[in-house]
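As a plain string of letters, each chain reads:
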Amino acid sequence: MCIDPSMKPKIRRLLETYVEQLFGLDDQLVTPELMIKACTFYTGRLLKTHFYTWRKIAIPPTNEDELLAEKMEKSIEYDNFRLKRCVFHHWYSYVKGRKERLKDTLLRVQQMFYCYKLIIILTKWRDKARHKYKEREDELMLKHELQFKKWRSKLKLRVNSKEEYISPQQNVSEVFLVGEIPEFDVSQLPKRTVLQIFSYLSLRDVVICGQVNCSWLLMTQMSSLWNGIDFSTVKNIITDKHIVSTLQRWRLNVLCLNFRGCVLRLKTLRSVSLCRNLQELNVSDCPTLTILPCVFMHDESMRYISESCPGVLYLNLSNTTITNRTMRLLPRYFHSLRNLSLAYCRKFTDKGLQYLNLGNGCHKLIYLDLSGCTQVTDSALEMLSAKCHDLYVLDVSGCILLTDQMLVNLQMGCKQLRILKMLYCRHISKEAAKRMSSIVQQQEYNATDPPLWFGYDCEGKPLPEQQDITQLKDSELMAEESTYSSEEEAV
């Protein structure tokens, strides 16, 4: 390697500086041997640096192409692996979902097969049961016919044998009554037939039939016959003692009780609480509950009934003197109440009607009768419509304080309302009633004054007890003419 002579001094100074820095010696201590070593070391380092620089410039282009090709192959291989894994994942999800759908389909097919098998079994069992039942009934009817023929033949023989002993004053029908008791007995009829026969009799007739003989007594003791007891048919002759004893005996079977117009006392109404399975109760028009001092007695009796009979679905309190205390008991215990009649009950206020929304409340009401309740206003029905969303039938006939705002509240809250009766509502306009008629299926409306048989005038004041009968009849005819349905006539 040739070095320019002009560069030698500079190189020498650089070498000396490098040696001083390397060995930390002074200028006087730099010997020729050290200088040669330093020059050789510096020259080697310089050659090495230049060689590496040249190699980086000359060699890398060929090596980078190989590296890029290798990296490309690896990236392609990795990309293919990722693609295969993604495809496999989708395929696995599809196969898994397919298997689940096949499994569900198989389960449905098994259920359908099981149901079809059950239907076949039940059909065969029903046909066999009907066949056996028909055979038994045919056999029983044949037996009854044979007994009846035998009985008629005996009567004929007895009549023929006793014709010579009949006196002129004696009728032939008396001869039939003289003979023995016939062998044919009604108690041998099927139980369902006997039950259907006795279901047409009143309570008094059933009691009389039970006094005929032992077999008739057993027929009147069937539990299904006492599911519904109507005391209103014998309200003038039955006593509280008989009512209490009847309810105590059939307390587990009674589902419906009707005390309409009966003279009831607190002890009698307390006996109603024994009927735990009671579903329908009617205590309307009870005369002992129309006297003012008996108001609290009615509230007390309703407290016993409500606490002991929570399953009541139909409750009729029309034309009684219930107060806000009774109205407060209804939502507390009658959570399943569906039908409620408060017609002509004028002792409770709007606050009492608002009690129906307390707690669980009577929110399942589908029928509500408020006809003749002159004290009811729009505020009470506003609270009622906000909770009773299932209301289907509403009767507010004769509620003279209601206005068009009541209809607006019903449209917002009672979406299921289909039958609306608002006769003699003087403050409800025809335009509001016409708009309401397009929402409900059946509507009865007029804006005339309430008739005399409602018991109060257009201002809600009670009328005198003595009224002309002809006027009452004329008012009833006018009421019938003014009543119409929204489906038949425009409002």
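Residues numbered from 1 in each chain as written. Predicted model: local features only at pLDDT ≥ 70, side-chain atom pairs only at ≥ 80, totals over all residues. Heavy atoms only, no water.

1. Things to note about the environment of W453
Item 1. With respect to the element layout, W453 can be found in the loop between β9 (442-445) and α16 (469-482).
Item 2. The sequence separation of W453 and L463 amounts to ten residues, and the corresponding C-alpha distance is 9.3 Å. (Helix = DSSP H or I, 4+ residues; strand = E, 2+ residues; numbered from the N terminus.)

2. With respect to the confidence of the model for the chain
Item 1. Per-residue confidence for the chain averages 78 on the pLDDT scale, and 78% of its residues sit at or above 70.
Item 2. Within the model, pLDDT remains below 50 along residues 164-182, and this stretch shows ten contacts once partners closer than five positions in the same chain are excluded.
Item 3. With pLDDT under 50 throughout, residues 466-491 is counted as low confidence; its partners more than four residues away or in other chains account for 37 contacts. (pLDDT = per-residue confidence, 0-100. Contact = heavy atoms within 4.5 Å.)

3. Some thoughts on the sheet that holds strand β4 (residues 314-316)
Item 1. If you trace the nine strands from one edge of the open sheet to the other, you get β1-β2-β3-β4-β5-β6-β7-β8-β9, paired in parallel fashion. In this open sheet, the two strands that pair with only one neighbour each are β1 (228-230) and β9. Each strand of the sheet is rotated relative to its neighbour by a mean of 5°, with strand direction disregarded.
Item 2. Note: β1 against strand β2 (residues 256-258), three bridges, orientation parallel. Residue D230 lies in a different strand from β2, and its bridge partner there is N258. (Pairing = 2+ DSSP bridges. Axes fitted to C-alpha atoms, helices over the stretch in contact; angles between N-to-C directions.)

4. Looking at the layout of surface pockets
Item 1. Of the voids in this model, the largest pocket is the one considered here, and its volume is about 470 Å³.
Item 2. What lines the largest pocket is a set of 20 residues, among which L203, V207, W226, H242 and T246 lie closest to the centre.
Item 3. Listed by contribution, the elements that provide at least two residues to the lining of the largest pocket are α6 (203-209), α7 (214-220) and α8 (240-249).
Item 4. For the lining of the largest pocket, a count of residues per class yields ten nonpolar, eight polar and two charged. (1 Å grid on protein atoms, 1.4 Å probe; cavity = no way out; pocket = protein on both sides within 12 Å on 5 of 7 lines; lining within 4 Å. Points joined across faces, edges and corners; volume = space filled by probe spheres on them. Nonpolar A, V, L, I, M, F, W, Y, C, P; charged D, E, K, R; others polar.)

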